[in-house]
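Architecture at a glance
As a plain string of letters, each chain reads:
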Amino acid sequence: MAEKDVIRTDRAPGPFQGAPYNQAIRVGDLVFVAGQLGIGLETGVLAGAGVAEQTEQIMANLGAILEAAGSGLDRLVKTTVFLVDLRDFAAMNEVYAKHVGERPPARSTVQISGLPSGALVEIEAIAHT
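Anyway, here's the lowdown on the structure attached to this text.

What counts and how
- Residues numbered from 1 in each chain as written.
- Predicted model: local features only at pLDDT ≥ 70, side-chain atom pairs only at ≥ 80, totals over all residues.
- Heavy atoms only, no water.
- Helix = DSSP H or I, 4+ residues; strand = E, 2+ residues; numbered from the N terminus.
- Contact = heavy atoms within 4.5 Å.
- Core = buried A, V, L, I, M, F, W, Y, C linked by side-chain atoms within 4.5 Å.
- Buried < 20%, exposed > 50% of the residue type's maximum accessible area, 1.4 Å probe, protein only.
- Salt bridge = Lys/Arg side-chain N within 4 Å of Asp/Glu carboxyl O.
- Pairing = 2+ DSSP bridges.
- Axes fitted to C-alpha atoms, helices over the stretch in contact; angles between N-to-C directions.

**Considering the environment of Leu86**
As for its position among the elements, Leu86 is in the loop between strand E4 (76-83) and helix H2 (89-100). C-alpha separation for the pair Leu86 and Ala119, spaced 33 residues apart in sequence, amounts to 14 Å. Setting aside residues up to four positions removed in sequence, Leu86 forms contacts with Thr109, Val110 and Gln111.

**Observations regarding the nonpolar core**
What tends to happen in soluble globular proteins is that the nonpolar side chains get buried as a cluster. Ranked by size, the top nonpolar core spans 24 residues in total, and within it Val33, Leu62, Val121 and Ile123 carry the most contacts. Taken together, the elements giving at least two residues each to this core come down to strand E3 (30-36), helix H1 (51-68), E4, H2 and strand E6 (121-128). Broken down by element, this core gets its largest block of residues, 7 residues, from H1.

**Observations regarding the pattern of salt bridges**
Summed over all chains, the structure comprises 5 salt bridges. Glu56 is the partner of Lys98 in a salt bridge, and the nearest nitrogen-oxygen pair spans 3.3 Å. Here Lys98, found in helix H2, pairs with Glu56, found in helix H1; they are 42 residues apart in sequence, far enough to count as distant. Taking the relative accessible area as the measure of exposure, Lys98 reaches 59% and is therefore exposed. Looking at Glu56, the relative accessible area reads 29%, which means it is partly exposed. Ionic pairing is found between Arg87 and Asp85, a salt bridge with its closest N-O pair at 2.7 Å. You can call Arg87 exposed: its relative accessible area is 73%. On the basis of relative accessible area, Asp85 is assigned to the partly exposed category, the value being 22%.

**A closer look at the sheet that holds strand E1 (residues 4-7)**
Pairing within the open sheet is mixed, and its 6 strands lie in the order E1-E2-E3-E6-E4-E5. The open sheet has two edge strands with one neighbour each: E1 and strand E5 (106-111). Going across the sheet, the axis of each strand differs from the next one's by a mean of 15°, ignoring polarity. Relative to E6, E3 runs antiparallel, the two sharing 5 bridges. Paired with Val33 across the bridge in E6 is Ala125.

Honestly, it's all geometry; don't read function into it.
Here is the structure:
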């Protein structure tokens with residue numbers, strides 16, 4: 001069985017309020033990234049009031065974590081997007097599409113009742129190295 005390696009970078013926010021999880025785990029050639037909110041590294045708060053700004057920050061955070069794991073946004077194989085309001089889908093999707101390229105990963109998008117810190121969107125990911 002492959003070893004489970006903890007991925008941690010200072011270029012993206014750490015676990016929410018000291019919660020017991022890691023930014024990502026690498027097993028073999030796969031990287032499993034915990035759900036990311038649009039929290040800015042420097043400010044510690046949401047990057048903006050809209051879903052587009054929050055999605056932009058999420059993609060930056062995902063990119064930093066994946067890079068630390070020896071991967072990147074171009075190696076995403078599966079993402080799950082959690083939206084508080086599906087009416088925000090188009091705005092999220094426009095930003096998301098800029099970052100995943102011409103061969104986007106498989107994706108699920110679901111509406112949920114709420115997220116920490118009043119966030120409008122959260123994205124978790126699986127990528128290969």
